[in-house]
Amino acid sequence: MPPTTVAFKSPEPYKSPFLSDLVVELIQKHGYPRTYCGDERFASYRTEHGEWRIGYGSSRIGKTWAGPSTKASRDEINQQLVKDLEVLAEKISSYVIMPLSPKKRGALLSYAHSVGLSYFKDSPLLELINSRATKLEIIKEWSPLINPLYRFANEHVQKRRQVELNMYVSTDTEVHGFVRHVCKADQCLLTIGESFIGTPNQVRALEYLEKELSTLDPSGKVLKQFFRHWGKPHKGVASFRPT
């Protein structure tokens, strides 16, 4: 087992909005590079389809294709992972027709990297996201604790699906839509709506609401209380008690 992965920080800006340090770190931590041979070096391995891979499933290191005697350092497999993800991000962007927040895009990129592009483009999960399915429908499909597809999956795959799902449903401090949004509240309201698609009318409506809330509740106490309750896990109707 290779040493514990440290937080990743790219020296250069990413080319794709789907890619971020957070996504690279997620894949490093839950994708597990193969095959560690000590001294911070990794050897190539053969897939069940007879293809040679190295590190995080890369088919090459730089300009050299992986073969039976290929070896690479940790830095080299990390650099190749970013290159692979940039290529993959460009490809999946043509299949994702819904505008998504940065964390949602990142979670989806990790999922696509794990299952492969051929499966991803026709996957039930992508269909749900593109059809504006509810958060509950997406959770049912993505969660390894609910979807029977993961019943016999190994613990690494199950853990990765759970981490990806947690990233997808978590809120961002900034949401990129079709138009620029200047937040007028301490906590941005664009992060709460499952039906938010970033159209100009929606952004204007939320900016108006934020402005009114800032006037009526300058301390931000009401909004903070709202987000506190909004972020709590659902425990069933019977467990709800107004406070």
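Residues numbered from 1 in each chain as written. Predicted model: local features only at pLDDT ≥ 70, side-chain atom pairs only at ≥ 80, totals over all residues. Heavy atoms only, no water.

**Re the pattern of salt bridges**
Piece 1. The final tally for this structure, using the stated rule, is four salt bridges.
Piece 2. When the shortest N-O distance is used, the salt bridge between E40 and R74 registers 2.7 Å. Residue E40 is located in the loop between α1 (21-31) and β1 (41-43), and its partner R74 is located in helix α2 (residues 74-92); the two are separated by 34 residues in the primary sequence.
Piece 3. For E40, a relative accessible area of 33% puts it in the partly exposed group. (Salt bridge = Lys/Arg side-chain N within 4 Å of Asp/Glu carboxyl O. Helix = DSSP H or I, 4+ residues; strand = E, 2+ residues; numbered from the N terminus. Buried < 20%, exposed > 50% of the residue type's maximum accessible area, 1.4 Å probe, protein only.)

**Some words on the packing of aromatic side chains**
Piece 1. Summed over the entire model, instances satisfying the criterion amount to four aromatic pairs.
Piece 2. Aromatic side chains W142 and Y168 sit 5.2 Å apart centroid to centroid with 50 degrees between the ring planes, which places their arrangement in the tilted category. Of the two residues, W142 sits in helix α6 (residues 135-142) while Y168 sits in helix α7 (residues 155-169), which places them 26 residues apart along the sequence.
Piece 3. Residue W142 is classed as buried on the basis of its relative accessible area of 0%.
Piece 4. Among the aromatic residues, those joined into a cluster by ring pairs are Y111, F120, W142 and Y168.
Piece 5. Over the face of the ring belonging to Y45 we find R34, whose NZ or CZ atom lies 4.0 Å from the ring centre.
Piece 6. Sitting above the plane of the W65 ring, R60 keeps its charged end 3.9 Å from the centroid. (Phe/Tyr/Trp six-rings, centres within 6.5 Å; stacked < 30°, edge-to-face > 60°. Lys NZ or Arg CZ within 6 Å of the ring centre and 35° of its normal.)

**Comments concerning the nonpolar core**
Piece 1. Ranked by size, the top nonpolar core spans 40 residues in total, and within it L108, L109, F120 and W142 carry the most contacts.
Piece 2. Breaking this core down by element, the ones donating at least two residues are α1, α2, α3 (102-115), α5 (124-130), α6 and α7.
Piece 3. At seven residues, α2 tops the list of elements feeding residues into this core.
Piece 4. Beyond its immediate chain neighbours, meaning those up to four positions away, L108 contacts V96, L100, F120, L125, I129 and W142. (Core = buried A, V, L, I, M, F, W, Y, C linked by side-chain atoms within 4.5 Å. Contact = heavy atoms within 4.5 Å.)

**Brief notes about unusual backbone geometry**
Both trends apply: most residues other than glycine have a negative phi, and most peptide bonds are in trans.
Piece 1. In the segment running from R34 into T35, the intervening peptide bond is cis, with an omega of -10 degrees.
Piece 2. Secondary-structure assignment places T35 in the loop between α1 and β1.
Piece 3. The phi dihedral of Y32 falls on the positive side, at around 55 degrees, and the residue is not glycine.
Piece 4. You can see Y32 is positioned in the loop between α1 and β1.
Piece 5. We note that D39 has phi near 55 degrees; this positive angle belongs to a residue other than glycine.
Piece 6. Considering the arrangement of structural elements, one finds D39 in the loop between α1 and β1.
Piece 7. Using a relative accessible area of 70% as the deciding quantity, one classes D39 as exposed.

**As for the packing of α3 against α7**
Piece 1. Between α3 and α7, the shortest axis-to-axis distance is 7 Å and the interhelical angle comes to 160 degrees. Compared by their axis directions, α3 and α7 come out roughly antiparallel. For the pair α3 and α7, the sense of crossing is left-handed. For the pair α3 and α7, contact is made by K103, K104, G106, A107, S110, Y111, H113, S114 and V115 and by R160, R161, E164, M167 and Y168, respectively.
Piece 2. The residue inventory of the contact of α3 with α7, partitioned by class, reads five nonpolar, four polar and five charged. (Axes fitted to C-alpha atoms, helices over the stretch in contact; angles between N-to-C directions. Parallel < 35°, antiparallel > 145°, perpendicular 65-115°, else oblique. Left-handed = near helix turned anticlockwise from the far one by under 90°. Nonpolar A, V, L, I, M, F, W, Y, C, P; charged D, E, K, R; others polar.)

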